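Chain by chain, the residues run as shown.
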Amino acid sequence: MRNAIWDALAATPLPEVRRRAAVVDDLAEVEPVTVAGARRLAWNDRGGQSAVWYFAEDGRVLLLTFDHESELNLYAEEDFALQESFYEGVPESLVALVRDRPENYESLNLTDSATGRTIHYAGGVFWCDGTRWHVSDGLAEYCRREDADLFGESGFDYCLDVYRFGQDFTPETVVAIRDEDGRYEDEKEKEADLLGLREVFARHG
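Let me begin by describing the structure that accompanies this report. (Residues numbered from 1 in each chain as written. Predicted model: local features only at pLDDT ≥ 70, side-chain atom pairs only at ≥ 80, totals over all residues. Heavy atoms only, no water.)

### Some remarks on the overall build of the chain
Then comes step 1: For the chain, the helix and strand inventory stands at nine helices and eight strands.
Then comes step 2: By the compact-globule yardstick of 17 Å for 205 residues, the chain fits well, its C-alpha radius of gyration being 17 Å.
Then comes step 3: Referenced to the eigenvectors of the C-alpha coordinate spread, the extents of the chain come out at roughly 60 × 35 × 30 Å.
Then comes step 4: Burial status across the chain gives 51% buried among its 205 residues.
Then comes step 5: Partitioning the intrachain contacts of the chain with sequence separation of at least 6 by distance along the chain shows that 59% fall at a separation of at least 24.
Then comes step 6: For the chain, the accessible area works out to roughly 10,400 Å², and carbon and sulfur atoms hold 46% of it.
Then comes step 7: Here the chain carries 21 positive and 43 negative side-chain charges, and the mean point of each set is 6 Å from the other. (Helix = DSSP H or I, 4+ residues; strand = E, 2+ residues; numbered from the N terminus. Rg over C-alpha atoms; globule rule 2.2 N^0.38 Å. Buried < 20%, exposed > 50% of the residue type's maximum accessible area, 1.4 Å probe, protein only. Contact = heavy atoms within 4.5 Å. Areas by Shrake-Rupley, 256 points an atom, 1.4 Å probe, with all protein chains shown as cover. Lys, Arg positive; Asp, Glu negative; His and termini not counted. Charge placed at Lys NZ, Arg CZ, Asp CG, Glu CD.)

If you want it as structure tokens, here you go:
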């Protein structure tokens with residue numbers, strides 16, 4: 001199960017993972033939220049894809065990814081048991097961060113018709129025990145059974161690209177990427193954006 005972004009995430013110290021998550025959250029204009037002893041930071045592309053991080057006070061992390069165009073988008077399936085199975089192997093204290101919680105832009109709820117309980121939709125469920133990153137057992141098993149591309153179909157590759165794990169992540173690199181995408185009309189606009197980005201990065205230094 002080799003994946004360049006996964007390997008880069010695993011090699012990144014958690015304080016740096018959290019710094020990048022905070023910067024990207026700020027740039028995406030997502031309001032950070034404290035949930036039951038954890039800090040929620042997120043990113044979305046305003047098109048249905050998202051990454052959501054829960055940094056628990058004990059050093060563990062829960063990461064959810066979602067790609068609405070992938071095979072692992074269970075939103076239309078309305079299969080609570082299947083979605084819940086994607087969380088198998090994750091400590092219950094981390095799953096509790098997304099169980100019976102209000103839904104939000106990045107994470108809609110799936111409801112169990114029998115009990116009324118809810119859980120957040122996620123195509124990808126990953127977690128860190130404070131030292132090592134894990135793919136949830138349930139997600140890994142489902143992908144093996146269905147012969148699905150775990151990192152591609154879960155949205156992991158697409159949703160974590162913005163964090164540039166294993167690569168430089170500075171105001172200058174963000175500007176360079178935006179410049180390549182044709183975002184700026186002239187150098188003055190580019191320079192103004194660079195100054196704003198430096199302020200954002202400084203807030204999370």
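### Observations concerning the environment of valine 17
Then comes step 1: Structurally, valine 17 can be placed in helix α2 (residues 14-27).
Then comes step 2: Take valine 17: its relative accessible area is 0%, and that puts it in the buried class.
Then comes step 3: Considering only alpha carbons, one finds valine 17 and aspartate 67, 50 residues apart in sequence, at a separation of 21 Å.
Then comes step 4: Not counting chain neighbours up to four residues away, the residues in contact with valine 17 comprise Leu9, Thr12, Trp53, Phe55, Trp133 and Phe165.

### A short note on the sheet that holds strand β1 (residues 33-35)
Then comes step 1: The strand order across the open sheet formed by six strands is β1-β2-β3-β4-β7-β8, and the pairing between neighbours is antiparallel. Across the chains shown, the open sheet's two edge strands, defined by having one partner strand only, are β1 and β8 (133-135). Averaged over all adjacent pairs, the angle separating strand axes in this sheet is 25°, with direction ignored.
Then comes step 2: Where strand β3 (residues 50-56) meets strand β4 (residues 61-66), six bridges bridge the pair, whose relative direction is antiparallel. Looking across to β4, one finds that tyrosine 54 is bridged to leucine 62.
Then comes step 3: Here α2 sits on the sheet and contacts β2 (38-44), β3, β4, β7 (124-128) and β8; the angle it forms with β2, its principal contact strand, is near 55°. (Pairing = 2+ DSSP bridges. Axes fitted to C-alpha atoms, helices over the stretch in contact; angles between N-to-C directions.)

### Side note on the state of the cysteines
Then comes step 1: Tallied over the entire structure, the rule returns zero disulfides.
Then comes step 2: The thiol of cysteine 128 is not disulfide-bonded; the next cysteine sulfur, from cysteine 159, is found 19 Å away.
Then comes step 3: Here cysteine 159 stays unpaired: no disulfide links it, and the sulfur of cysteine 143, its closest cysteine neighbor, is 14 Å away. (Disulfide = S-S within 2.5 Å.)

### Points about helix α1 (residues 4-11)
Then comes step 1: What α1 keeps buried is the set Ile5, Trp6, Ala8 and Leu9. The buried residues of α1 occupy an angular sector of 165° when projected down its axis, which confines them to one face. Across from the buried face of α1, at angles greater than 90 degrees, the exposed residues are Ala4 and Ala11.
Then comes step 2: N-capping of α1 is provided by asparagine 3, with a side-chain oxygen placed 3.0 Å from the backbone N of isoleucine 5. (Arc of directions from axis to C-beta. Polar contact = N/O pair within 3.5 Å; in protein donor to acceptor, adjacent residues only side chain to side chain.)

### Some words on unusual backbone geometry
Then comes step 1: Non-glycine residue alanine 36 carries a positive phi angle of around 45°.
Then comes step 2: Looking at the element boundaries, alanine 36 is found in the loop between β1 and β2.

### Looking at the packing of aromatic side chains
Then comes step 1: Overall, the coordinates contain 14 aromatic pairs when judged by the stated rule.
Then comes step 2: Considering the side-chain rings of tryptophan 53 and tyrosine 163, the 5.3 Å spacing of their centres and the 80° angle between planes classify their relative orientation as edge-to-face. Taken together, the positions of tryptophan 53 in strand β3 and tyrosine 163 in the loop between α7 (156-160) and α8 (171-180) put the pair 110 residues apart, joining distant regions of the chain. Each member of the pair, tryptophan 53 together with tyrosine 163, is buried.
Then comes step 3: Judged by centre distance (6.4 Å) and plane angle (5°), the ring pair of phenylalanine 126 and phenylalanine 151 falls under stacked. A residue pair is termed long-range when its members are at least 10 positions apart, and phenylalanine 126 in strand β7 and phenylalanine 151 in helix α6 (residues 150-153) qualify at 25 residues. The exposure classification of phenylalanine 126 matches that of phenylalanine 151, with both residues buried.
Then comes step 4: Through successive ring pairs, a cluster of aromatic residues spans Trp53, Phe55, Trp133, Tyr163 and Phe165. (Phe/Tyr/Trp six-rings, centres within 6.5 Å; stacked < 30°, edge-to-face > 60°.)

Keep in mind that these numbers describe shape and distance, not what the molecule does.
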